[in-house]
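Summary of structural features
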Amino acid sequence: AGAAVAPSLIHVAMDYFAVAPDFIGSLADGSSSSYVELMTLPDGSQVVANNSVLGEPGQPALVATEADLARNPHVSTGPGAYALGTGDTGTSKALASLGALYGALGLIGSRFMKIPHHDWQPTLGLANTTDIPAKKDDEPEPAVNHDVGLP
């Protein structure tokens, strides 16, 4: 039952802890005077250009399109440039909180476990324990096979 419920709990917790990345601004499309201009470095990464109207020059950025944003329901600012390294999917916080909840439930459940009375002995599947013959004092202990390995 836990495996059926866990994915829904994880997704709800991830949605709760998710943080959208920082929006720098829209890219130049010709219709607006406020836009972010990016430059590509030799290693292929993009940073905010020195002559950009928005953003801090040299700040690492990534470009998100409409298709990228459709996969992330936490971003409502639209397509454009986003600061690299900001935002959070919420996965680590979600799994940590669910792990803490699971541990707390285990601790609570362990409080209901009790050690049996010192006179208690298992019935070995017999309905009446009087059917078990009494052991004589001079009789050796029976050999017990503790082998529980695979056949």
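Whatever comes next refers back to the structure up there.
An account of the accompanying structure is given in this report. (Residues numbered from 1 in each chain as written. Predicted model: local features only at pLDDT ≥ 70, side-chain atom pairs only at ≥ 80, totals over all residues. Heavy atoms only, no water.)

**Brief notes about the layout of surface pockets**
Which entries qualify depends on this criterion: In this analysis, the protein atoms alone were mapped onto a 1 Å grid. Cavities are point sets where a 1.4 Å probe fits without being able to get out; pockets are open sets with protein on both sides within 12 Å along at least five of seven lines; lining residues have an atom within 4 Å of a point. Grid points are joined across faces, edges and corners, and a volume is the space filled by probe spheres set on the points. Gly counts as polar in this scheme, as do all residues outside two lists: the nonpolar Ala, Val, Leu, Ile, Met, Phe, Trp, Tyr, Cys and Pro, and the charged Asp, Glu, Lys and Arg.
Reported here for the largest pocket is a volume of approximately 230 Å³. Taken together, 14 residues line the largest pocket, and the ones lying closest to its centre are A18, N72, H74, D88 and T89. Considering only residue class, the lining of the largest pocket consists of five nonpolar, six polar and three charged.

**Details of the sheet that holds strand β4 (residues 60-64)**
Test applied: In this analysis, strands are considered paired if DSSP registers two or more bridges between them. Counting from the N terminus, the helices are DSSP H or I runs at least four residues long and the strands are E runs at least two residues long. Angles here are taken between N-to-C directions and fall from 0 to 180 degrees, while the axes themselves are lines fitted to C-alpha atoms, restricted in helices to the stretch in contact.
Pairing in this open sheet of five strands is antiparallel, and the strands run β1-β5-β4-β3-β2 from one edge to the other. Edge positions in the sheet fall to β1 (23-25) and β2 (38-40), since each of these pairs with one other strand and no more. With strand direction ignored, the average angle separating the axes of adjacent strands in the sheet is 45°. Of the strand pairs in this sheet, strand β3 (residues 46-48) and β4 are connected by two bridges, and their pairing is antiparallel. What sits directly across from Q46, in β4, is A61.

**Some points on the pattern of salt bridges**
Operational definition: One speaks of a salt bridge when a side-chain nitrogen belonging to Lys or Arg is within 4 Å of a carboxyl oxygen belonging to Asp or Glu. Only protein chains enter the calculation, and the probe is 1.4 Å; a residue is then buried if its accessible area is under 20% of its type maximum, exposed if over 50%, and partly exposed in between.
All chains considered together, the criterion is met by two salt bridges. Taking the shortest distance from any N to any O, the salt bridge between D68 and R71 comes out at 2.8 Å. Between K93 and D88 there is a salt bridge whose closest N-O contact spans 4.0 Å. Overall, D88 belongs to the partly exposed group, its relative accessible area being 27%.

**Re the nonpolar core**
Nonpolar side chains in soluble globular proteins tend to end up buried together. Filter applied, for reference: Here, nonpolar core means buried Ala, Val, Leu, Ile, Met, Phe, Trp, Tyr and Cys residues that are tied together by side-chain atoms lying within 4.5 Å of each other. We call two residues in contact when some of their heavy atoms are within 4.5 Å.
Counting residues in each nonpolar core, the largest one holds six residues, listed as I24, V36, V48, A61, A81 and A83. Excluding its chain neighbours within four sequence positions, the residues that come into contact with A81 are D22, F23, I24, G25, L27, V36, L38 and L62.

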